[in-house]
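Breakdown of the fold
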Amino acid sequence: QAQRPAGRAQRWLAALGMALAALRGNRLRSALSVLGIAVGIAAVVAITALGDAARGKVAEGLRAVMSGKLLVLQGNPERPALAQSRAFGIDELAAVRAMPGVRSVTPELSAQGDAVRGERSARLSLIGGNAATLATHGLRVSRGRNLGAADAALRAQVVVLDPRSAQALFRPGEQPLGASVMLGALPFTVIGVAESAGGFGVGFNSDRAQALVPEAAFLARVGGGLRTVNAFWVGVELQPGRPPAELKARLEHLLHALHGVEDFQVISLAEGFRSFERTTGALALALSAVAALSLLVGGVGVMNIMLVSVAERTREIGIRKAVGARARDIRNQFLVEAVVLCALGGLGGLLLSLGLAALANALQHTLHIGLPWFALLAAFAVSAAVGVLAGLVPAQRAAALRPAAALARE
């Protein structure tokens, strides 16, 4: 009984030795089979890694803008086409700000006007907002500073310019920070210049030059003391850990009570982000399935090679059976040979994948392509499984040969 495991191990080792000897005897054919499996493994790993990297890059930008935010839109498509929708009032915004769980409210106040500095002028869109407005629109301050709480409290006449307005009002090499710009009839001091943050924003990215001033200054000075928001959306940022669905329901109830009619929409950007992740996840899975077809082709190639090998070595199989080899010994020999072929191909595919990832990361820095070890191990295991499946039919055919019939063939 104790000798049986040792005898079984010896039989497998003998099968491995004969498999390696057979592969060495047909080096070119074995190398081409290994190459087919390696390319299949590399294709699956490369497409999966590239898809994950691209999805992660896009998700990073979307997460910063969409996570934990609600979007309140003026108007409701479910109402009659000619039904009027009321703009959001300042008192309504104050009520939203006072809701528990609300971190900030970013209304979109806008007006068209002219900006003048000396002999240079620009037609621009003037945006009234706060410190959160730039991030909401996918922008960040590249020079100077953003709007602050003191600017809102003091109704400070300060402005943050976007790249278009800065280029229109200032000559190349001229310093915008600290300069005075006339917005309408009032002077505003430039405190910052914004640039794209590399993410995805809502508005504030049009072809028209734009500038950001404090909300209070916009309403009190630029907007002529208007009590309504001249825009069609308001961004609401939640406090960390607050469930968006719950706050969305409370916000809808509050605005309905204030307006008396549901002439607005409340959209959870977090739900949109989760929908995006599900969609891109399904797309990545589909791409991996398409790439796996190359691995299937490699497996079919291995099966074909093994069938040819059985036909070529019929006499060898007959001699082995004549001297006492059992059917399962013959089967194990060819099965091990197929698994060794695919395992070598899997190892080559892993090395090829690592090399391609390192090359791609060296040539560009936009996407970092990473290869998790669990994915590499899974790919290697799949290649071994392909070897088992590809070797079953040829191994079974070899084991079924009768010694006399095998010896009679040339």
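Bear in mind that the values here come from a model prediction, so they are computed numbers and not experimental data. (Residues numbered from 1 in each chain as written. Predicted model: local features only at pLDDT ≥ 70, side-chain atom pairs only at ≥ 80, totals over all residues. Heavy atoms only, no water.)

1. Remarks on the overall build of the protein chain
When its secondary structure is counted, the protein chain shows 13 helices and 11 strands. Taking all contacts inside the protein chain whose residues are at least 6 apart in sequence as the whole, residues at least 24 apart take part in 82%. With the model as given, the accessible surface of the protein chain reaches about 21200 Å², and the carbon-plus-sulfur share is 62%. (Helix = DSSP H or I, 4+ residues; strand = E, 2+ residues; numbered from the N terminus. Contact = heavy atoms within 4.5 Å. Areas by Shrake-Rupley, 256 points an atom, 1.4 Å probe, with all protein chains shown as cover.)

2. Some details on the environment of Gly40
With respect to the helices and strands, Gly40 occurs in helix α2 (residues 27-66). Note on Gly40: relative accessible area 0%, which makes it buried. (Buried < 20%, exposed > 50% of the residue type's maximum accessible area, 1.4 Å probe, protein only.)

3. A look at the packing of helix α3 (residues 90-97) against helix α8 (residues 244-259)
Remark: α3 packs on α8, axes separated minimally by 11 Å, with the N-to-C direction vectors making an angle of 155°. If you check the angle between α3 and α8, you find them roughly antiparallel. Crossing of α3 against α8: the hand is right-handed. Contacts between α3 and α8 involve Glu92, Ala95 and Val96 on the former and, on the latter, Leu251, Leu254, Leu255, Leu258 and His259. In the contact of α3 with α8, the residues fall into six nonpolar, one polar and one charged. (Axes fitted to C-alpha atoms, helices over the stretch in contact; angles between N-to-C directions. Parallel < 35°, antiparallel > 145°, perpendicular 65-115°, else oblique. Left-handed = near helix turned anticlockwise from the far one by under 90°. Nonpolar A, V, L, I, M, F, W, Y, C, P; charged D, E, K, R; others polar.)

4. Things to note about the pairing of strand β11 (residues 264-268)
Here β11 shows one buried face, formed by Phe264, Val266 and Ser268, and one open face, formed by Gln265 and Ile267. Both strand β1 (residues 69-74) and β11 contribute to a ladder of five bridges, which runs antiparallel. Note that in β11 the partner of Leu71 across the bridge is Ile267. (Pairing = 2+ DSSP bridges.)

5. So, unusual backbone geometry
You will see that Arg155, though not glycine, has its phi angle at about 50°, which is positive. Relative to the helices and strands, Arg155 is located in the loop between α5 (149-154) and β6 (158-161).

6. Digging into the environment of Asp151
One can find Asp151 in helix α5. The class for Asp151 is buried, based on a relative accessible area of 7%. Each C-alpha atom, one on Asp151 and one on Ala217, is 8.6 Å from the other, the two residues being 66 residues apart in sequence. What Asp151 contacts, discounting residues up to four positions off in sequence, is Arg145, Asn146, Ala156, Val158, Ile191 and Pro214. For Asp151, the side chain forms a polar contact with the side chain of Arg145, separated by 2.9 Å. (Polar contact = N/O pair within 3.5 Å; in protein donor to acceptor, adjacent residues only side chain to side chain.)

7. Some thoughts on the side chain of Asn361
Position of Asn361 relative to the elements: it lies in helix α11 (residues 327-363). For Asn361, the contacting residues outside a window of four places in its chain are Leu367, His368 and Ile369.

8. Structural notes on α3
Ile90, Glu92, Leu93 and Val96 are the residues of α3 that are buried. Taken end-on, α3 shows its buried residues confined to a sector of 160°, consistent with a single buried face. (Arc of directions from axis to C-beta.)

9. Focus: the packing of helix α10 (residues 314-322) against α11
At a closest axis distance of 10 Å, the pairing of α10 and α11 adopts a crossing angle of 140°. In terms of axis orientation, α10 runs oblique to α11. The chirality of how α10 crosses α11 is right-handed. Contacts between α10 and α11 pair Glu316, Ile317, Arg320 and Lys321 from the former with Ala327, Asp329, Ile330, Gln333 and Phe334 from the latter. Grouping the constituent residues of the contact of α10 with α11 by class yields four nonpolar, one polar and four charged.

10. With respect to a nonpolar patch on the surface
Side chains of Leu28, Leu32, Leu35, Val39, Leu352 and Leu356 sit close together on the surface and give an oily, nonpolar patch of about 570 Å² of accessible area. Taken together, the elements giving at least two residues each to the nonpolar patch come down to α2 and α11. For the nonpolar patch, the leading source of residues is α2, giving four residues. Structurally, Leu35 is set in helix α2. (Patch = residues over 30% accessible without salt bridge, like charges linked within 9 Å, V, L, I, M, F, W, Y side chains within 5 Å. Salt bridge = Lys/Arg side-chain N within 4 Å of Asp/Glu carboxyl O.)

11. Some words on the nonpolar core
Ranked by internal contacts, the top residues of the largest apolar core, which has 39 residues, are Val72, Val159, Leu183, Val236 and Leu251. In terms of nonpolar packing, the next biggest core, distinct from the first, is built from 32 residues, Cys342, Leu350, Ile369 and Ala398 among them. (Core = buried A, V, L, I, M, F, W, Y, C linked by side-chain atoms within 4.5 Å.)

12. Some remarks on the confidence of the model for the protein chain
Looking at the protein chain, the pLDDT average stands at 77 and 85% of residues meet or exceed 70. Of all the helices and strands in the protein chain, helix α13 (residues 403-408) carries the lowest mean pLDDT, 62, while β6 carries the highest, 92. Here residues 199-205 is a poorly scored stretch, pLDDT under 50, and it has 25 contacts once near neighbours within four places are set aside; other chains count. Counting contacts from residues 224-229, a segment whose pLDDT is below 50, to residues more than four positions away or on other chains yields 19 contacts. (pLDDT = per-residue confidence, 0-100.)

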